[in-house]
Amino acid sequence: MSDIIVAPPLSQGAGYGVVVGLGTLFALGMVGISSILSKRGLSDDNEEFTVAKRSLGTGLTAAGVISSWTWSTTLLSSCGVAYTYGVAGALFYAACNSTQIAIFSNLAIQSKRKAPNAHTFLEILRTILTDYLHTAIILVVIFVFWFKAYATSDAIGSPRKMFDLLVAAQVRNDDAPTFEHSYLTLRSLGALKFAILSILEYTGVVFLDNSFHQKGIAADPAAAVPGYVLGALSWIAMPFTLATTMGLVAVALENTPAFPTFPRRMNASETSAGLVLPYAAQTILGKGGAGAVLVLMFMSCTSAISAQLIGVSTVLSYDVYKTYWRRAASDRELLKASHFAVVGFSLWMAGFASLLHGASIDLGFIYMTGIFTGPALPPLVGTFFSRHQTPLAAGVSIWSGFTGGVVTWLTLANRFSGSVTVSSVGELDPCLYGCLAGISISAFVAILVTLIKPDNYDWKSLAAVRIITEKGDTVDVAFEDPSYSPEKLRRAAYIARGVTLFIFLVVFILWPLPLYGSAYVFSRPFFTGWVIVSLLWAFFAFGSVTILPIIEGRHTLLSILSGGRWGKQAPSHEFSVESSFKNDTPNGSSHYVVEATQ
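To keep things clear, this report deals only with the structure shown in the data block. (Residues numbered from 1 in each chain as written. Predicted model: local features only at pLDDT ≥ 70, side-chain atom pairs only at ≥ 80, totals over all residues. Heavy atoms only, no water.)

## Here's the deal with the overall build of the chain
Reasoning step 1: If you tally the helices and strands in the chain, you get 26 helices and three strands.
Reasoning step 2: A burial count over the chain gives 54% of its 598 residues as buried.
Reasoning step 3: Looking at the chain alone, contacts between residues at least 24 apart form 83% of all its contacts between residues at least 6 apart. (Helix = DSSP H or I, 4+ residues; strand = E, 2+ residues; numbered from the N terminus. Buried < 20%, exposed > 50% of the residue type's maximum accessible area, 1.4 Å probe, protein only. Contact = heavy atoms within 4.5 Å.)

This is the structure:
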């Protein structure tokens, strides 16, 4: 039975149809949006490509955050963790990968306070087209899966039937790494270790991801903290609702003829490859389920990649090209450099992904991410919150932590498995302890070097960054916009810290840990309530990131649609920063470049 090969449910033509068809649809949509923007009087310069006029509202900020954080690995691996650990996997994945977003609200508000004129992410309508629409479609597909599994499926059809099937799976399998091998308990040491590793490694991923920093600065000052907090709470629905549905569907129905691997169970290579979600979808929805997963993958991949393309292009154009190559670069030259960076990074990603596939590296290898990102966490936090950390402390701590983390990681991989292979280095324990070692060593070195030779950085060099029109008029966003009031931003910083602590305590401590410590095995009524909560959380997310942005931006949308339809320039007051500028060109638009005054 172990040699059964699962045939693909869809042809290659279906895959190309989705990629090319939807890709073309979105490309045409972008052309249409650009045309509307041009009629509205917004210029096609690098500021429009990278800067959102710092005016994104709470809902759109939350949608952008969710879009950036909903990778294809999120959707696939969350179901795989639930397949392995049951309800514990679904909850721990959601709880421990959402707290980073709330934590990042602290860095977002610090950016507003320390560098209000820094560069940002996508222009508002382009953000609507990518982040907003992608997130909405993903949530709709999750709703389809939930209602099919728990309401209309002949194989399951209700939480009560799912409970009975999970109890039967416990008896049938007798190997789940949980308390009494139950899929209905949070008591699992492996799941808890996974939770700790997730908090550490993905905090590093979020904090070091330029697209998250851009979204934080792109948000309106009043929307930065609530946007990230709302995004953190809404994002929980992505893995929690999806994994509580499809991960458990795979466990419950893998012994039925409809399951692709029947009569055998899924093997380790299949779960590591992320096939739990597509197998479960195919089981309850046939080829339609496989098609839905294909759409999910397209949406999540293109959404995350679009954020990375703009993030990387901004770094390369401003922090590399303008800083080291051509200091006097004009806005048009920066725009051209950004476009070249997008194309170049796209080709690099395609090549690197092909290399990973050729080396048989799959989702199981992502546990080692924290070894590469963790050592940068302590100096990054010190950069934002301490004026005493020196460049030497930051540099030495990162490389010291990275070296220590890699040594620990590879040493333990060899000790636990007897050899260093692609499989052994991707195991949970070596990755967890390597990540812990890297962060600890980095923090120790950063603090030690700072204490030995402290700095006294006053943030004046960043505060000196100005937006300058092509006529040479200097504009300081913090001065022009009253929402950048130092007192308001200081108060927002305190609120961010308090809310972050509250979310962490509730989501990771007060909710799961008592259930873990008591080794409680869900009863049928408790499980039914658990499943209903997962659905309600998805509805909350849908309202927060699809309905709220429309309500907040209704005047802007009506203004833009009116301008596009009649060929007239709509009023510019909808954009908070744009409204503070005087019209500098005959058609009423303004052009901006960003420079640092010495």
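That covers the picture; the talk isn't over yet.
## Observations regarding the packing of aromatic side chains
Reasoning step 1: On inspection of all chains with the given rule, the structure shows 29 aromatic pairs.
Reasoning step 2: Centre to centre, the rings of Phe143 and Phe542 are 5.9 Å apart; their planes meet at 70°, and the pair counts as edge-to-face. Within this pair, whereas Phe143 is found in helix H6 (residues 124-152), its partner Phe542 is found in helix H25 (residues 524-552), the two being separated by 399 residues in sequence.
Reasoning step 3: Lying over the aromatic face of Tyr516, Arg187 brings its terminal NZ or CZ to 5.3 Å of the ring centre. (Phe/Tyr/Trp six-rings, centres within 6.5 Å; stacked < 30°, edge-to-face > 60°. Lys NZ or Arg CZ within 6 Å of the ring centre and 35° of its normal.)

## A word on a nonpolar patch on the surface
Reasoning step 1: Nonpolar side chains collect at one region of the surface, where Phe147, Ile532, Leu536 and Phe539 lie side by side and expose about 350 Å² of accessible area between them.
Reasoning step 2: By residue number, the principal contributor to the nonpolar patch is H25, which donates three residues.
Reasoning step 3: Judged by relative accessible area, Ile532 falls into the partly exposed class, the value being 34%. (Patch = residues over 30% accessible without salt bridge, like charges linked within 9 Å, V, L, I, M, F, W, Y side chains within 5 Å. Areas by Shrake-Rupley, 256 points an atom, 1.4 Å probe, with all protein chains shown as cover. Salt bridge = Lys/Arg side-chain N within 4 Å of Asp/Glu carboxyl O.)

## Concerning the nonpolar core
Reasoning step 1: Counting residues in hydrophobic clusters, the biggest one holds 125 residues, and the most contacted among them are Phe145, Met162, Leu166, Met246, Leu277 and Phe527.
Reasoning step 2: For Met246, the residues in contact, after removing those within four places along its chain, are Cys79, Phe145, Val276, Leu277, Ala280, Ala281 and Ile284. (Core = buried A, V, L, I, M, F, W, Y, C linked by side-chain atoms within 4.5 Å.)

## Thoughts on the packing of helix H4 (residues 72-85) against helix H13 (residues 276-285)
Reasoning step 1: Put simply, H4 and H13 touch, their axes get as near as 7 Å, and they point 80° apart. Our classification of the angle between H4 and H13 gives roughly perpendicular. Of H13, the residues touching H4 (which contributes Leu75, Leu76, Cys79, Gly80 and Tyr83) are Val276, Leu277 and Pro278.
Reasoning step 2: Considered class by class, the residues forming the contact of H4 with H13 number seven nonpolar, one polar and no charged. (Axes fitted to C-alpha atoms, helices over the stretch in contact; angles between N-to-C directions. Parallel < 35°, antiparallel > 145°, perpendicular 65-115°, else oblique. Nonpolar A, V, L, I, M, F, W, Y, C, P; charged D, E, K, R; others polar.)

## Remarks on the pattern of salt bridges
Reasoning step 1: In this structure the tally under the stated criterion is six salt bridges.
Reasoning step 2: A salt bridge links Glu254 to Arg265; its shortest N-O distance comes to 2.9 Å. One end of the pair, Glu254, is in the loop between helix H11 (237-253) and helix H12 (268-272); the other, Arg265, is in the loop between H11 and H12, with 11 residues separating them in the sequence.

## As for helix H18 (residues 391-417)
Reasoning step 1: Taking 1.5 Å per residue, 27 residues should reach 39 Å; H18 reaches 39 Å between its end C-alpha atoms and fits that length.
Reasoning step 2: Considering only its buried residues, H18 is in contact with helix H16 (369-373), helix H17 (377-385), helix H19 (422-425) and helix H20 (428-452).
Reasoning step 3: Once H18 ends, the next one or two residues include Gly418, with phi positive near 90°. (Expected span 1.5 Å × (residues − 1).)

## Focus: the environment of Leu277
Reasoning step 1: The residue Leu277 is located in helix H13 in this model.
Reasoning step 2: Taking the C-alpha atoms as reference, Leu277 lies 8.9 Å from Ser78; in sequence the two are 199 residues apart.
Reasoning step 3: Excluding residues that lie within four positions of it along the chain, Leu277 makes contacts with Leu75, Leu76, Cys79, Phe145, Leu242, Met246, Val293, Leu296 and Met297.

## Looking at helix H7 (residues 159-173)
Reasoning step 1: Compared with the 21 Å implied by 1.5 Å per residue over 15 residues, the 21 Å span of H7 between its first and last C-alpha is a close match.
Reasoning step 2: Every buried residue of H7 is accounted for by Pro159, Met162, Phe163, Leu165, Leu166, Ala169 and Asn173. Down the axis of H7, the buried set is contained in an arc of 165°. They therefore lie on one face. The exposed residues of H7 that point more than 90 degrees off its buried face are Arg160 and Val171.
Reasoning step 3: Once H7 ends, the next one or two residues include Asp174, with phi positive near 55°. (Arc of directions from axis to C-beta.)

## A short note on the state of the cysteines
Reasoning step 1: Summed over the entire model, instances satisfying the criterion amount to zero disulfides.
Reasoning step 2: With no disulfide of its own, Cys431 lies closest to Cys435 among cysteine sulfurs, the gap being 8.9 Å. (Disulfide = S-S within 2.5 Å.)

## Describing the packing of H11 against H25
Reasoning step 1: Closest axis-to-axis distance for the H11/H25 pair is 9 Å, and the angle between their directions is 135°. Classed by the angle they form, the pair H11 and H25 counts as oblique. Two packed elements cross with a definite hand, and for H11 against H25 that hand is left-handed. In this structure, H11 contributes Ala237, Phe240, Thr241, Thr244 and Leu248 to the contact, and H25 contributes Phe527, Trp530, Val531, Val533, Ser534, Trp537, Ala538 and Ala541.
Reasoning step 2: Here the residues of the contact of H11 with H25 sort into 10 nonpolar, three polar and no charged. (Left-handed = near helix turned anticlockwise from the far one by under 90°.)

Remember that the coordinates give geometry; whether it matters functionally is a separate question.
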